[in-house]
Amino acid sequence: GAGVSQTPSNKVTEKGKYVELRCDPISGHTALYWYRQSLGQGPEFLIYFQGTGAADDSGLPNDRFFAVRPEGSVSTLKIQRTERGDSAVYLCASSLGLAYNNEQFFGPGTRLTVL
Amino acid sequence: DQQVKQNSPSLSVQEGRISILNCDYTNSMFDYFLWYKKYPAEGPTFLISISSIKDKNEDGRFTVFLNKSAKHLSLHIVPSQPGDSAVYFCAAIETNAGKSTFGDGTTLTVKP
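Just so you know, these numbers come straight off a predicted model, no measurement behind them.

> Just checking my understanding: could you explain the layout of surface pockets for this structure?
Empty space among the atoms can be located by rolling a probe the size of a water molecule over them. As a volume, the largest pocket reaches approximately 630 Å³. For the largest pocket, the lining is made up of 30 residues, of which A:Gln37, A:Leu39, A:Val89, A:Arg111 and B:Lys38 are closest to its centre. Looking at which element gives the most residues to the lining of the largest pocket, the answer is strand E11 (residues 110-114) of chain A, with four residues. Partitioning the lining of the largest pocket into residue classes produces eleven nonpolar, 15 polar and four charged.

Below, the structure written as structure tokens:
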């Protein structure tokens, strides 16, 4: 069975550009989470979805960041007008549901570098 | 203001000995705690968890201890094996809120 996959694995972009990061969760998992991990730090919560709706987007740092999950499966994290400070590994995780004790399964991440 | 802290960035242990990784938290609303293990170029994988109604949870070589009054938890690995070498993250959840707050990780090296 496939785990969580994220594409691309690496993305290099220039300051000011727009990027999209994709997450394919485990089939049947209704909850999906996005985290950002900066160098030397732990994952930082950004947003999570239950089905198609964003249940909590309080971790998105500003309005340049947006995420969608239109069909309740694949999710895309969109970053507009990228800044050098956006450079980080973006992690996606999925779980059977939003209950706190449902194990989150993480993908390998997308390493974003903004030059 | 970091709510979950892992004050030791690294730990080195001899194979067969005990590894003890520590984690402190400040938010008294956290009531569920997890440890994750992360290898390079991979996402974190769940290791073990504990609810605030317990003070100990054990799974094979891994035991997590929770001291609520001190807002402290620890992960014990015994005996340590070279394959345990990885970054270990502590995470905490306020179950009503649902989102996880992570520490910055401790890099464990187990020497053969």
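> Please clarify how the nonpolar core should be interpreted in this entry.
Generally speaking, a soluble globular protein has its nonpolar side chains buried in company with each other. Core analysis: the biggest nonpolar cluster contains 23 residues, and B:Phe33, B:Trp35, B:Leu73, B:Leu75 and B:Tyr88 have the highest contact counts within it. Those elements that place two or more of their residues in this core are strand E3 (19-25), strand E4 (32-38), strand E5 (45-51), strand E7 (62-67), strand E8 (72-77), strand E9 (86-93) and strand E11 (106-111) of chain B. Ranked by residue count, the leading element in this core is E9(B), at four residues. Ranked by size, the runner-up nonpolar core spans 20 residues in total, among them A:Val4, A:Ile26, A:Leu60 and A:Ala67.

> Mind showing me how you'd approach the interface of chain A and chain B here?
Interface size is commonly expressed as the accessible area that is lost once the parts come together. Taken residue by residue, the interface counts 18 residues in chain A and 18 residues in chain B. Summed over both sides, the interface of chain A with chain B buries roughly 1,500 Å², with 59% coming from carbon and sulfur. By the criterion of area lost to chain B, the three top residues of chain A are A:Pro43, A:Tyr100 and A:Phe106, representing 36% of everything that side buries. The interface formed by chain A and chain B contains zero salt bridges. On the surface where chain A and chain B come into contact, there are three residue pairs in polar contact (both at pLDDT 80 or more). Contributing elements (two or more residues each) for the side of chain A that touches chain B: strand E4 (31-37) and strand E5 (44-50) of chain A. Here the side of chain A that touches chain B is composed, by residue class, of eight nonpolar, eight polar and two charged.

The rules behind the values
Counting from 1, residues in each chain are numbered in the order their sequence is written. Chain labels run from A onward and ligand labels from 1 onward, assigned in the order the entries are written. Only residues with pLDDT of at least 70 are given local features in this predicted model, and only at 80 or more are side-chain atom pairs given and counted; all residues enter the totals for whole chains, interfaces and linings. The side-chain values count all of the structure's non-hydrogen atoms but skip hydrogen atoms and water molecules. Both site types are read off a 1 Å grid over the protein atoms alone. A 1.4 Å probe that fits but cannot get out defines a cavity, while an open set with protein on both sides within 12 Å along at least five of seven lines defines a pocket; lining residues have an atom within 4 Å of a point. Grid points are joined across faces, edges and corners, and a volume is the space filled by probe spheres set on the points. Put simply, DSSP marks the helices as runs of H or I at least four residues long and the strands as runs of E at least two long, and each gets a number from the N terminus on. Each residue gets one label: Ala, Val, Leu, Ile, Met, Phe, Trp, Tyr, Cys and Pro are nonpolar, Asp, Glu, Lys and Arg are charged, and the others, such as Gly, are polar. Remark: nonpolar core denotes a set of buried residues (Ala, Val, Leu, Ile, Met, Phe, Trp, Tyr, Cys) joined through side-chain atoms within 4.5 Å. Categorising residues by exposure relies on relative accessible area from a 1.4 Å probe, with only protein chains included: less than 20% of the type maximum marks a residue as buried, more than 50% marks it as exposed, and the intermediate range marks it as partly exposed. The contact rule is simple, with two residues in contact once any of their heavy atoms fall within 4.5 Å. Buried area: the accessible area, evaluated with a 1.4 Å probe, that two parts lose upon being put together, summed over both parts. Here, a salt bridge means any Lys or Arg side-chain nitrogen found within 4 Å of an Asp or Glu carboxyl oxygen. Each polar contact in these results corresponds to two N or O atoms within 3.5 Å; when the atoms are within protein, one needs to be able to donate a hydrogen and the other to accept it, and residues that are neighboring in sequence are counted only if both atoms are side-chain atoms.

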